[in-house]
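Commentary on secondary and tertiary structure
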Amino acid sequence: MNQFTTFGIVETILSKLPWTLLLSLIAFVGGAFVAGLLTMFAILGGKIANVGVSVVISTVQSTPLLMLMFLCFFGLPLFQIEVSPLLAASAALVAFTAAYLTEAWRSALKAVHAGQWEAALSSGMRHDHVLLAIILPQAVRIAIPPTVGFLVQVVKATSLASIVGFMEITRVGTVLNNITFRPFLIFAIIGALYMALNLPISLAARHLERRFNFNR
Amino acid sequence: MSHNAPAIEFRKVCKWFGDFQALAGVDLKIGKGERVVICGPSGSGKSTMVRCINQLEQHQKGDILLNGATVTGNSAHVRSIRRRVGMVFQQFNLYPHMTALQNCVIAQRLVARRQRHEAEDIARAYLERVKIADKADRYPHQLSGGQQQRVAIARALCMQSEAILFDEPTSALDPEMIREVLDVMVGLAQDGLTMVCVTHEMGFARQVADAVVFMDHGRIVEVAAPAEFFKEQKTQRARDFLAQILH
Amino acid sequence: MFNFRDVFAYSSLILDGLAVSIVLCVIAGTLGFLLAILCAALKTTGPRPLSWIVTAYVETIRNTPFIVQLFFIYFGVGSLSWRMSPVFAATAALTLNVAAYFTEIIRGGLADGSRGVREAALSQGMTIVQTYLRIVLPPAIAKVDKTLVGQFVLVFLGSAVISQISVEDLTSAAQFIQTRTFRAFETYIVVTVLYMATGLVFSLLYAWLRPALFPWVRDSRQ
């Protein structure tokens with residue numbers, strides 16, 4: 001095992017890349033799903049629901065993500081839920097993602113001009129039809145750039161799952177470091193992998209933002 | 001730097017922005033204490049010409065002399081030139097985070113290296129001069145456009161430079177504020193300060209200018225004393241221009 | 001079901017950890033702010049190669065996780081150079097991280113409307129450095145100050161990760177207490193509340209300081 005070549009190190013790190021991707025996917029899809037529910041609840045549930053959602057969002061956002069993971073890891077068992085590192089990390093990342101996306105989506109809905117609501121409602125359309133046919137398409141357009149951009153945050157955030165023991169690329173890096181003592185190479189490779197994943201997303205998000213601002 | 005050299009002299013000055021030639025061989029002498037008004041249609045190069053004097057724009061050919069010495073050179077030389085030539089801008093460009101007094105003090109401290117109390121005394125004197133001493137502790141956004149421009153003039157005067165350049169100082173002002181700024185400028189002209197002023201205020205030109213320079217397409221088309229210039233223009237282009245701005 | 005008493009028995013340890021977290025982040029925030037002022041200048045008006053280097057640095061930091069940056073510096077750079085202390089490595093990593101985000105934020109503040117003011121300062125004979133630091137920068141910072149503070153709070157929350165290279169910060173105190181008391185959930189609740197409260201205190205403290213830092217902004221809101 002001590003005979004790790006550079007190639008062997010790269011191969012071992014790459015073998016854990018699917019877990020980083022899977023965790024990112026779970027966090028993003030799960031977070032988006034929860035955010036969708038929360039946004040609808042905040043918009044349609046009246047003033048108290050809206051304030052409640054705001055409180056939840058700011059609580060999650062002012063909690064260190066690592067604490068969120070620890071709380072899931074040690075807290076969920078209190079509810080008789082058996083917790084694996086994957087489950088704890090997923091739960092925390094879903095909460096983290098949902099909080100951000102809810103905020104982004106809700107403000108996108110609000111950004112659609114109030115005049116649009118009045119115009120559509122005064123033409124006799126039903127409230128829910130206005131939301132679906134008039135407001136939502138415009139809000140989606142506003143929300144896409146920050147949503148894509150947040151994907152970068154999600155991919156980066158999955159690295160914290162290594163601390164609760166989930167074997168993704170950062171975790172395999174610390175393990176390899178203990179075996180091979182070649183930390184410079186190992187963490188450079190891991191950093192480069194994150195770059196390779198995130199830089200295209202960052203650039204795409206910026207491109208979308210520019211295009212959106214231009215069309216506005 | 002001879003005693004008889006003109007305050008500012010242009011020698012065959014050319015300037016391009018990419019393919020566009022902004023100045024096409026400008027020749028002009030401005031004597032000490034002279035007041036020169038530069039006018040011309042927009043895009044004629046009049047602002048560029050003035051901005052070349054203190055090297056906010058760099059010309060590519062020809063030479064510009066300040067008291068007989070070239071204005072071009074390394075950054076320290078250019079700074080020493082700028083120290084000797086004040087400038088007033090169309091958009092005032094007051095430092096937004098400083099009060100009127102601080103606006104007048106900062107360059108005195110950093111560039112002229114004056115003591116704080118000395119700089120403040122000078123600043124107050126010039127704010128008094130432009131009749132805005134009572135607003136010394138206001139921030140720019142608390143002042144009207146005309147007040148801001150008067151502070152900007154005081155700021156330039158504080159450096160006690162050899163000449164002051166005015167780049168369309170009243171163009172961004174509401175009509176009712178133009179007068180207060182022009183009054184200050186007329187006062188300065190009567191004090192014998194060398195002034196180069198890009199403006200369309202022909203009343204000001206008539207009242208104080210020693211010479212009117214008319215520019216078009218990067219060239220000086222006419223230079224004449226105002227009485228002469230307003231009585232009879234030598235070129236059709238100047239006639240068209242005057243007809244346009246005087247309606 | 002819950003028992004916080006065991007956790008509070010370690011309150012002095014918790015407060016020590018909190019102090020370490022706060023001090024390191026404030027140092028990193030200050031150094032990072034200064035570095036960002038330099039980087040923002042280089043990125044906006046610096047010569048080509050330098051502005052490219054700044055761009056590469058900023059993008060690298062923004063697209064990789066902080067924990068990887070921390071490990072790279074502590075283990076990676078540490079293996080090639082002298083053996084650096086965890087506190088030094090953590091401060092360096094936090095500083096480089098903060099500076100990259102601050103650079104982008106400050107650049108945003110510089111982006112619009114400073115050209116005329118810059119020319120005015122230059123026309124008075126100020127140097128490029130004087131013009132940037134004394135004339136252009138302060139209003140730009142005032143425009144984006146709340147974003148900067150928000151980012152600083154985010155970095156403070158993210159600093160929990162430095163416990164992983166055995167810096168004795170707040171999270172590291174929590175991990176120690178948890179192994180002694182077997183009250184993990186309660187411990188992390190307490191520590192989480194402290195992180196939240198400190199983040200809030202940073203924001204409130206800044207709101208209180210702001211009028212003194214940017215008096216001209218305060219005046220515009222009267």
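Residues numbered from 1 in each chain as written. Chains lettered and ligands numbered in written order. Predicted model: local features only at pLDDT ≥ 70, side-chain atom pairs only at ≥ 80, totals over all residues.

Broken down by element type, chain C carries 10 helices and zero strands. Its C-alpha atoms give chain C principal-axis dimensions of about 70 × 50 × 25 Å. Here chain C holds 222 residues, and 47% of them are scored as buried. Pairs at least 24 apart in sequence give 76% of the contacts found in chain C among residues at least 6 apart. (Helix = DSSP H or I, 4+ residues; strand = E, 2+ residues; numbered from the N terminus. Buried ≥ 20, exposed ≤ 12 C-beta atoms within 10 Å, placed from the backbone. Contact = placed C-beta atoms within 7 Å.)

What follows concerns the overall build of chain B. Assigned secondary structure in chain B consists of nine helices and 10 strands. In terms of C-alpha radius of gyration, chain B reaches 18 Å, essentially the compact-globule figure of 18 Å for 247 residues. Each of the three principal axes of chain B carries a C-alpha extent, and together these read 50 × 45 × 35 Å. Within chain B, the proportion of its 247 residues that are buried is 47%. A separation of at least 24 residues holds for 66% of the contacts in chain B among residues at least 6 apart in sequence. (Rg over C-alpha atoms; globule rule 2.2 N^0.38 Å.)

Before going further, it helps to examine the interface of chain A and chain C. The interface of chain A with chain C comprises 30 residues on the first partner and 28 residues on the second. Looking at the side of chain A that touches chain C, the elements with two or more residues in it are α4 (65–75), α7 (127–157), α8 (169–180) and α9 (183–215) of chain A. Among the elements that line the side of chain A that touches chain C, the one with the most residues is α9 of chain A, at 11 residues. Considered class by class, the residues forming the side of chain A that touches chain C number 18 nonpolar, 11 polar and one charged. (Nonpolar A, V, L, I, M, F, W, Y, C, P; charged D, E, K, R; others polar.)

Attention shifts here to helix α4 (residues 66–80) of chain C. Its 15 residues place the ends of α4 of chain C 20 Å apart at the C-alpha level, agreeing with the 21 Å of an ideal helix rising 1.5 Å per residue. Along α4 of chain C, the sharpest change in direction is near 30° and occurs at phenylalanine 72 of chain C. (Expected span 1.5 Å × (residues − 1). Bend = angle between axes of the 7 residues up to and from the residue.)

It is common to give the size of an interface as the accessible area lost on bringing the parts into contact. Listed by partner, the interface residues are 19 residues for chain C and 20 residues for chain B. Of all elements in the fold, only α6 (115–123), α7 (128–158) and α10 (215–220) of chain C reach the threshold of two or more residues within the side of chain C that touches chain B. Looking at side-chain class alone, the side of chain C that touches chain B contains nine nonpolar, seven polar and three charged residues.

Met69 and Ala92 of chain A, Ile38, Val196 and Val213 of chain B together with Leu70 and Tyr188 of chain C are the most contacted members of the largest nonpolar core, which has 200 residues in total. Apart from the residues lying within four places of it in its own chain, the contact partners of methionine 69 of chain A are Ala88, Ala89, Ala92, Leu160, Ala161, Ile163 and Val164 of chain A. (Core = buried A, V, L, I, M, F, W, Y, C linked by C-beta atoms within 7 Å.)

All right, on to the sheet that holds strand β6 (residues 85–88) of chain B then. Backbone hydrogen bonds are what pair the strands of a sheet, in a parallel or an antiparallel way. All names here are of chain B. An order of β6-β7-β8-β3-β9-β10 is seen for the six strands of this open sheet, with the pairing classed as mixed. In this open sheet, the two strands that pair with only one neighbour each are β6 and β10 (219–224). Here the average twist between neighbouring strands, direction ignored, is 20°. Summarising the sheet, β6 and strand β7 (residues 163–167) pair through four bridges and their orientation is parallel. Across the sheet, residue valine 85 finds its bridge partner in β7, namely alanine 163. (Pairing = 2+ DSSP bridges. Axes fitted to C-alpha atoms, helices over the stretch in contact; angles between N-to-C directions.)

What follows is about helix α6 (residues 175–190) of chain B. All names here are of chain B. In a regular helix each residue adds 1.5 Å, so 16 residues correspond to 22 Å; α6 covers 24 Å between its end C-alpha atoms and thus fits that length. Listing the buried residues of α6 in full gives Val181, Leu182, Val184, Met185 and Ala189. Projected down its long axis, α6 shows its buried positions confined to an angular sector of 160°, all on one face. Across α6 from its buried face, at more than 90 degrees, point the exposed residues Glu176 and Gln190. (Arc of directions from axis to C-beta.)

A few words on the sheet that holds strand β4 (residues 61–66) of chain B. All names here are of chain B. Pairing in this open sheet of four strands is antiparallel, and the strands run β2-β1-β4-β5 from one edge to the other. Looking at which strands have only one partner, the edges of the open sheet turn out to be β2 (20–30) and β5 (69–70). Sheet analysis places β4 next to β5, joined by two bridges and oriented antiparallel. If you follow leucine 65 over to β5, its bridge partner there is threonine 70.

For the rest of this paragraph, the subject is the packing of helix α2 (residues 11–45) of chain C against helix α3 (residues 48–63) of chain C. All names here are of chain C. It is the contact of α2 with α3, at a shortest axis distance of 8 Å, that shows an interaxial angle of 125°. Taken together, α2 and α3 sit at an angle that is classed as oblique. For the pair α2 and α3, the crossing hand works out as left-handed. Facing Cys39, Leu42 and Lys43 of α2, the residues of α3 in contact are Leu50, Ser51, Val54 and Thr55. Of the residues belonging to the contact of α2 with α3, the class tally is four nonpolar, two polar and one charged. (Parallel < 35°, antiparallel > 145°, perpendicular 65-115°, else oblique. Left-handed = near helix turned anticlockwise from the far one by under 90°.)

Our next topic: the arrangement of the chains. Among the two pairs of chains that make contact, the interface with the largest number of contacts is formed by chains A and C. Contact between chain A and chain B is absent, and the minimum C-alpha spacing across the pair is 27 Å.

Glancing now at the pairing of strand β9 (residues 211–216) of chain B. In regular strands, side chains alternate between the two faces of the sheet. Residues and elements named next belong to chain B. Within β9, five of the six residues are buried, leaving the element largely enclosed by the surrounding structure. Pairing geometry for strand β3 (residues 35–39) and β9, over four bridges, is parallel. Across the sheet, valine 36 pairs through a bridge with alanine 211, a residue of β9. Across five bridges, the pairing between β9 and β10 is antiparallel.

Another aspect to go through is the pairing of β4 of chain B. Residues and elements named next belong to chain B. Pairing of strand β1 (residues 8–17) with β4 involves five bridges; the strand directions are antiparallel. Residue pairing for β4: phenylalanine 10 is matched across the bridge by isoleucine 64. Between β4 and β5, which follow one another and run antiparallel, lie two residues, and asparagine 67 among them has a positive phi close to 50°.

Non-glycine residue phenylalanine 181 of chain A carries a positive phi angle of around 55°. Taking the C-beta count within 10 Å as the criterion, phenylalanine 181 of chain A has 12 such neighbours and is therefore assigned exposed. Of note in the backbone geometry, lysine 131 of chain B takes a positive phi value of approximately 60° without being a glycine. Among the secondary structure elements, lysine 131 of chain B is positioned in the loop between α4 (116–129) and α5 (145–158). Note on lysine 131 of chain B: 15 C-beta atoms within 10 Å, which makes it partly exposed.

All names here are of chain C. Put simply, α2 and helix α9 (residues 184–213) touch, their axes get as near as 12 Å, and they point 40° apart. Classified by the angle their axes make, α2 and α9 are oblique. Crossing handedness for the pair α2 and α9: right-handed. Contact residues: Ile14, Leu18 and Ile22 in α2; Val190, Val191, Leu194 and Thr198 in α9. For the contact of α2 with α9, a count of residues per class yields six nonpolar, one polar and no charged.

All right, on to the environment of proline 96 of chain B then. You can see proline 96 of chain B is positioned in the loop between β6 and α3 (100–110). For the pair proline 96 of chain B and valine 198 of chain B, spaced 102 residues apart in the sequence, the C-alpha separation amounts to 25 Å. Apart from residues lying up to four places away in sequence, proline 96 of chain B is in contact with Pro140 and His141 of chain B together with Val117, Pro139 and Trp216 of chain C.

Counting all residues, the mean pLDDT for chain B is 93, and 98% of those residues have values of 70 or more. Ranking the helices and strands of chain B by mean pLDDT puts α3 of chain B first, with 97, and helix α9 (residues 236–246) of chain B last, with 88. (pLDDT = per-residue confidence, 0-100.)

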